[in-house]
Amino acid sequence: MPLGFRSLSHGVVPFGFFNIASDLLILKDHFAFASEACGWFSSWATQVGTEAEFSEDVPMWVIDDFDAIGDLGGAIRGSDHRGLVGRSYELFPFPARRADFKQDPEGHRTRSAMMALLEEFAGDPRLIPVSISSTVRIGPYEFDPGSFAELVLYLWRGGMPGWRDDIRPPYVVEMMERIRASSAPAYQDQDQTP
């Protein structure tokens, strides 16, 4: 489930997986698949080590209308299937057994269904500006190194429920290896990573 993370720009913002059957991530109103996001985090760790500042544009889906995002609590309860989040729970309901509440390391298998929902509620992806120096800015959201480290650790753990059977997707393992080797200022709080 998404958790609240402190940003420098917008106070606490939600970030994370919102359906255990999918690898789609939410950053407040921005969406990207975890494999792509982990790839970006890995790439930035390498790029920023060679420059004082690095910037690029990355494709993300943005949903400007709160109703089109949906209500996570209502979706989990099965009482509100509005928006992207609600429809995802209509397709992939919350598990009946609490023990089954674990993030699926093969969440990419539901990607075609999630892509259809993204097309319906967000349209085409937009190019979102990213900049990394002593902080990390993803679109309008800016994080200090400690908060950015928390985003990375969230992905490493598999969100709030953790990875099913403690199996991490290869893209998460690769991300962590590259981040640990980075000397970039924005990655220096990564020493708290496992």
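Residues numbered from 1 in each chain as written. Predicted model: local features only at pLDDT ≥ 70, side-chain atom pairs only at ≥ 80, totals over all residues. Heavy atoms only, no water.

Novice: Explain the side chain of Asp 29 to me, and be specific about the residues and the numbers.
Specialist: Following the sequence through the fold, Asp 29 ends up in the loop between strand 3 (24-27) and strand 4 (30-33). The charged side chain of Asp 29 is buried without a salt bridge, its nearest counter-charge being Lys 28 at 6.9 Å. Only 2.7 Å separates the side chain of Asp 29 from the side chain of His 30, close enough to count as a polar contact. Excluding its chain neighbours within four sequence positions, the residues that come into contact with Asp 29 are Trp 61, Val 62, Ile 63, Ile 69 and Tyr 141. (Helix = DSSP H or I, 4+ residues; strand = E, 2+ residues; numbered from the N terminus. Buried < 20%, exposed > 50% of the residue type's maximum accessible area, 1.4 Å probe, protein only. Lys, Arg positive; Asp, Glu negative; His and termini not counted. Salt bridge = Lys/Arg side-chain N within 4 Å of Asp/Glu carboxyl O. Polar contact = N/O pair within 3.5 Å; in protein donor to acceptor, adjacent residues only side chain to side chain. Contact = heavy atoms within 4.5 Å.)

Novice: For the nonpolar core, give the residues involved together with the corresponding values.
Specialist: Counting 39 residues, the largest nonpolar core has Phe 41, Trp 44, Leu 155 and Tyr 187 as its most contacted members. Of the residues forming this core, the biggest block, 7 residues, is contributed by helix 1 (residues 34-48). Once residues within four sequence positions are removed from consideration, Tyr 187 is found in contact with Phe 41, Trp 44, Ala 45, Ile 132, Phe 148, Ile 179 and Ser 182. (Core = buried A, V, L, I, M, F, W, Y, C linked by side-chain atoms within 4.5 Å.)

Novice: Summarise empty space enclosed by the protein; cite the residues concerned and give the values.
Specialist: Across all of its chains, the model carries 1 cavity of 30 Å³ or more by this definition. What the largest cavity holds in volume is close to 100 Å³. Around the largest cavity, the lining residues are Phe 15, Leu 25, Ile 26, Leu 27, His 30, Ala 32, Ala 37, Trp 40, Phe 41, Trp 44, Met 60 and Ile 138. Counting residues per element, the lining of the largest cavity draws most heavily on helix 1, which supplies 4 residues. Its residues assigned to classes, the lining of the largest cavity shows 11 nonpolar, 1 polar and no charged. (1 Å grid on protein atoms, 1.4 Å probe; cavity = no way out; pocket = protein on both sides within 12 Å on 5 of 7 lines; lining within 4 Å. Points joined across faces, edges and corners; volume = space filled by probe spheres on them. Nonpolar A, V, L, I, M, F, W, Y, C, P; charged D, E, K, R; others polar.)

Novice: A description of helix 6 (residues 145-157) should follow, citing residues and the corresponding values.
Specialist: The first and last C-alpha atoms of helix 6 sit 18 Å apart over 13 residues, in line with the 18 Å expected at 1.5 Å per residue. Burial within helix 6 is extensive, with 11 of its 13 residues counted as buried. For helix 6, every residue scored as buried is listed here: Pro 145, Gly 146, Ser 147, Phe 148, Ala 149, Leu 151, Val 152, Leu 153, Tyr 154, Leu 155 and Trp 156. Of the residues flanking the end of helix 6, it is Gly 158, one or two places downstream, whose phi is positive at about 85 degrees. (Expected span 1.5 Å × (residues − 1).)

Novice: Describe helix 7 (residues 170-180), naming the residues involved and giving the relevant values.
Specialist: Each turn of an α-helix holds 3.6 residues, which means side chains three or four residues apart point in the same direction. Where helix 7 is concerned, the buried positions are Tyr 171, Val 172, Met 175, Met 176 and Ile 179. For helix 7, the angular spread of buried residues about the axis comes to 135 degrees, placing them on one side. In this structure, helix 7 carries Pro 170 and Glu 177 as exposed residues pointing more than 90 degrees from its buried face. (Arc of directions from axis to C-beta.)

Novice: Mind laying out the sheet that holds strand 8 (residues 141-143), listing which residues take part and the relevant values?
Specialist: Strands sit in the order 1-2-3-4-5-6-7-8 across an open sheet of 8 strands; the sheet is antiparallel. Single-partner strands in this sheet number two, and they are strand 1 (3-7) and strand 8. Strand-to-strand, the axes of this sheet are offset by a mean angle of 30 degrees, without reference to chain direction. Looking at chain direction, strand 7 (residues 136-138) and strand 8 are connected through 3 bridges and run antiparallel. Within strand 8, the residue paired with Val 136 across the bridge is Phe 143. Each of strand 3, strand 4 and strand 5 (54-62) touches helix 5 (residues 111-121); the most contacted strand, strand 4, lies at about 160 degrees to it. Packing against the sheet, helix 6 makes contact with strand 1, strand 2 (11-17), strand 3, strand 7 and strand 8, and its axis sits at approximately 20 degrees to strand 2. (Pairing = 2+ DSSP bridges. Axes fitted to C-alpha atoms, helices over the stretch in contact; angles between N-to-C directions.)

Novice: Run through the packing of helix 4 (residues 83-91) against helix 5, naming residues and quoting values.
Specialist: Between helix 4 and helix 5, the shortest axis-to-axis distance is 10 Å and the interhelical angle comes to 150 degrees. If you check the angle between helix 4 and helix 5, you find them roughly antiparallel. In this structure, helix 4 meets helix 5 at a crossing whose hand is right-handed. Judged by residue contacts, Gly 83, Leu 84, Arg 87, Ser 88 and Leu 91 of helix 4 engage Ala 113, Met 114, Leu 117, Leu 118, Glu 120 and Phe 121 from helix 5. Tallied by class, residues from the contact of helix 4 with helix 5 come to 7 nonpolar, 2 polar and 2 charged. (Parallel < 35°, antiparallel > 145°, perpendicular 65-115°, else oblique. Left-handed = near helix turned anticlockwise from the far one by under 90°.)

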